[in-house]
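# Examination of the molecular architecture
As a plain string of letters, each chain reads:
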Amino acid sequence: MNIAVCIKEVPDTETRPKIHENGKEIQKEGIKWIVSPYDEYAIELGLQLTEKQGGEVTIISLGPKEIEATIRSALAMGAHKAVRIDGPKVINDPLVVARGLAAVLKTRNFDLILFGKQAIDDDNAQIPQMVAEALELPCVSVVVKLDLQDKSAVAEREIEGGKEKLTFQLPAVISCQKGLNEPRYRSLKGIMAAKKIVIEEIPGALEPEKVAIEKLSYPPQKPPGRIVGKGAEAVPELFKLLREEAKVI
Amino acid sequence: MANILVIYEIRENKIKKISLEATNAAVQLSRNLGGTVSALLMGAQLDGLAAIAGEYGAQKVYLLQHQDLEKHSPDVYARLISEIAQEISATHILMGASAMGKDVLPRTAFRLNSPLAQDIVKFEMQNSKVLYTRPIIAGKLQAQLSLQGEYQLATLRPNVFPAVKNPVQPEIISLKKAVPFPKVQVQQITASEAGKLDVTEAEIIVSGGRGMQGPDNWNLIQNLAKALGAATGASRAAVDAGWREHGEQVGQTGKTVSPKLYIACGISGAIQHQAGMASSKYIVAINKDPEAPIFKLADYGIVGDVFEILPKLTEEIQKVKNQ
């Protein structure tokens, strides 16, 4: 099986982002960069499938030279190859990223193109579906289970209050959700092997963006709350506040 | 003139509430932009639904009824929506930021070569330009976007825009279209538990964390949730420990929620959890550690043992319900 896993470098989940003085981007200083956590479910899925059926996992990411450390971190899980499509660190329009990825993906014969369900920085959840449209491939997003029988696939995806079961044929695009598998730890051997892999570099063919960030802001701050009391004795007071002050129950 | 097209989501012959919220948002937007609000309903059985769209302010209701639409297919939906948007000269396309909306509209945006703002919480006008506000980094920041394209697409976060009635007598237009063969098709939908509410749709959420000490104690969370008609949520710690399903997880690697009341039980309130629930209207925290960060965020806090406090709170609520 020939599998592509498209990943994005994002700030670590512990990050408390600060807005740059231009008001339109976050301050990059001091941020620890990681592989977006949902992408790790995609890498794990790719590795499990190739371990069972043979084949290769290629990590693909779009960005400047500086994302190579994060690409190597993805490789360290056990992936075989990597491609960096050269481009800017921040692209606000998912259409531009999707077209940039699709231009490279269509030149190679992948049986599966995997993504995380969304990057945890811009939370867009758009690119997998757009890449599928660009390549005219079947696509299932937010997948928590995947069964393959040769070229036939059955996937389960999360919906409100339940799950959908969908059927389709490979090649296909899948976006992965937590629950699909348990991403493996990077072994020392994997980290060493990743250092030796040559990351192929391809110039990005990127269009002008149709999305602009006008302003970033911090979410509205709530006034400080209050401690109603201690232990079960405080319950009647809490109940009264919820009913009469907040009027929510 | 704007022509704002709202894509309806219908499950088991019922219109989802988020579609009515989106209709109301479209009405507000049309007041600012001038123009028409249209609704598009697709499915195998649409009897009686057009009138509901009219009650919420859709001036034109397009119905595409076809037996091949009985099973949902995201690629078929995207194709039909983009064809219809072009045929009726839509300018803006709105849909709920539900599992379906967030899946279908990116495909539609690609087909229309137009930008999409996903999961928006606010519209603002700047001269004649619409600015779309959406939380990013799981709500740690908000981004205000402008979109440039022949069409502007947006999905709306559930529970943020009110579903207010704006009754009009809608013009109902039945569409005849060939339904293409699907690349992907939903074969089956399974509910996680009978009648269970999803955290993203619920108005009240009772959520448990590590302080619940194990899955066997979740009946305390469930009893309170039942008394309140609430959904049950969980922190990452509780999900990673295998106590609860990931579908319930609230936070940066789970769901982002905006209920009117969020009750955090035995949850310390790590930044990743806060990111998923800080936009709740009211937050109640119950935790035995008075230093827990969740208390900084909570409107009302009780310091103490969840195992004593939860049954008492459930009892108080049931007392009132029974009166």
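So, how was this worked out
- Residues numbered from 1 in each chain as written.
- Chains lettered and ligands numbered in written order.
- Predicted model: local features only at pLDDT ≥ 70, side-chain atom pairs only at ≥ 80, totals over all residues.
- Heavy atoms only, no water.
- Helix = DSSP H or I, 4+ residues; strand = E, 2+ residues; numbered from the N terminus.
- Buried < 20%, exposed > 50% of the residue type's maximum accessible area, 1.4 Å probe, protein only.
- Polar contact = N/O pair within 3.5 Å; in protein donor to acceptor, adjacent residues only side chain to side chain.
- Contact = heavy atoms within 4.5 Å.
- Salt bridge = Lys/Arg side-chain N within 4 Å of Asp/Glu carboxyl O.
- Nonpolar A, V, L, I, M, F, W, Y, C, P; charged D, E, K, R; others polar.
- Pairing = 2+ DSSP bridges.
- Axes fitted to C-alpha atoms, helices over the stretch in contact; angles between N-to-C directions.

## Quick notes on the side chain of K177 of chain B
All names here are of chain B. In this fold, K177 is placed in the loop between strand 12 (171-174) and strand 13 (185-191). A residue is classified by how much of its surface remains accessible, and K177, at 16% relative accessible area, is buried. Of note is the side chain of K177, whose polar atom sits 3.1 Å from the side chain of E83. A distance of 2.7 Å separates the side chain of K177 from the side chain of E87, its partner in a polar contact. For K177, the residues in contact, after removing those within four places along its chain, are L64, H66, L80, E83, I84 and E87.

## Comments concerning the interface of chain A and chain B
Interfaces are often sized by the accessible area lost when the parts come together. Taken together, the contact pairs 76 residues of chain A with 91 residues of chain B. Where chain A meets chain B, there are four salt bridges. Here E160 of chain A and R11 of chain B are joined by a salt bridge, their closest N and O atoms 3.6 Å apart. Viewed at the interface, chain B and chain A are joined by 41 residue pairs in polar contact (both at pLDDT 80 or more). When residues in the side of chain A that touches chain B are grouped by element, the largest group, eight residues, is from helix 6 (residues 235-245) of chain A. Counted by class, the side of chain A that touches chain B contains 37 nonpolar, 15 polar and 24 charged residues.

## What about the sheet that holds strand 10 (residues 141-147) of chain B?
Sheet strands line up and pair through hydrogen bonds in the backbone, either parallel or antiparallel. On the basis of which strands lie adjacent, the open sheet formed by four strands has the order 12(A)-10(B)-9(B)-8(B) and antiparallel pairing. A single partner strand is all that each edge strand has here, and the edge strands are strand 12 (211-217) of chain A together with strand 8 (122-126) of chain B. This sheet shows a mean twist of 30° between the axes of neighbouring strands, independent of strand direction. Packing against the sheet, helix 1 (residues 17-33) of chain B makes contact with strand 8 and strand 9 (129-136) of chain B, and its axis sits at approximately 5° to strand 8 of chain B.

## Digging into the pairing of strand 10 of chain B
Counting buried residues along strand 10 of chain B, seven of its seven residues qualify, which places the element largely inside the surrounding structure. Burial along strand 10 of chain B is two-sided: L141, A143, L145 and L147 of chain B facing one way and Q142, Q144 and S146 of chain B facing the other are all buried. Sheet topology note: the strand 12 of chain A/strand 10 of chain B ladder contains six bridges and is antiparallel. Opposite K215 of chain A, over in strand 10 of chain B, you have Q144 of chain B as the bridge partner. With six bridges joining them, strand 9 of chain B and strand 10 of chain B adopt antiparallel strand pairing. From the neighbouring strand, P135 of chain B faces strand 10 of chain B, where its bridge partner is Q142 of chain B. Between strand 9 of chain B and strand 10 of chain B, which follow one another and run antiparallel, lie four residues, and I137 of chain B among them has a positive phi close to 45°.

## Thoughts on the side chain of T58 of chain A
All names here are of chain A. Note that T58 resides in strand 4 (residues 56-62). For T58, a relative accessible area of 5% gives the class buried. Apart from the residues lying within four places of it in its own chain, the contact partners of T58 are I3, A4, V5, K81, A82, V83 and F110.

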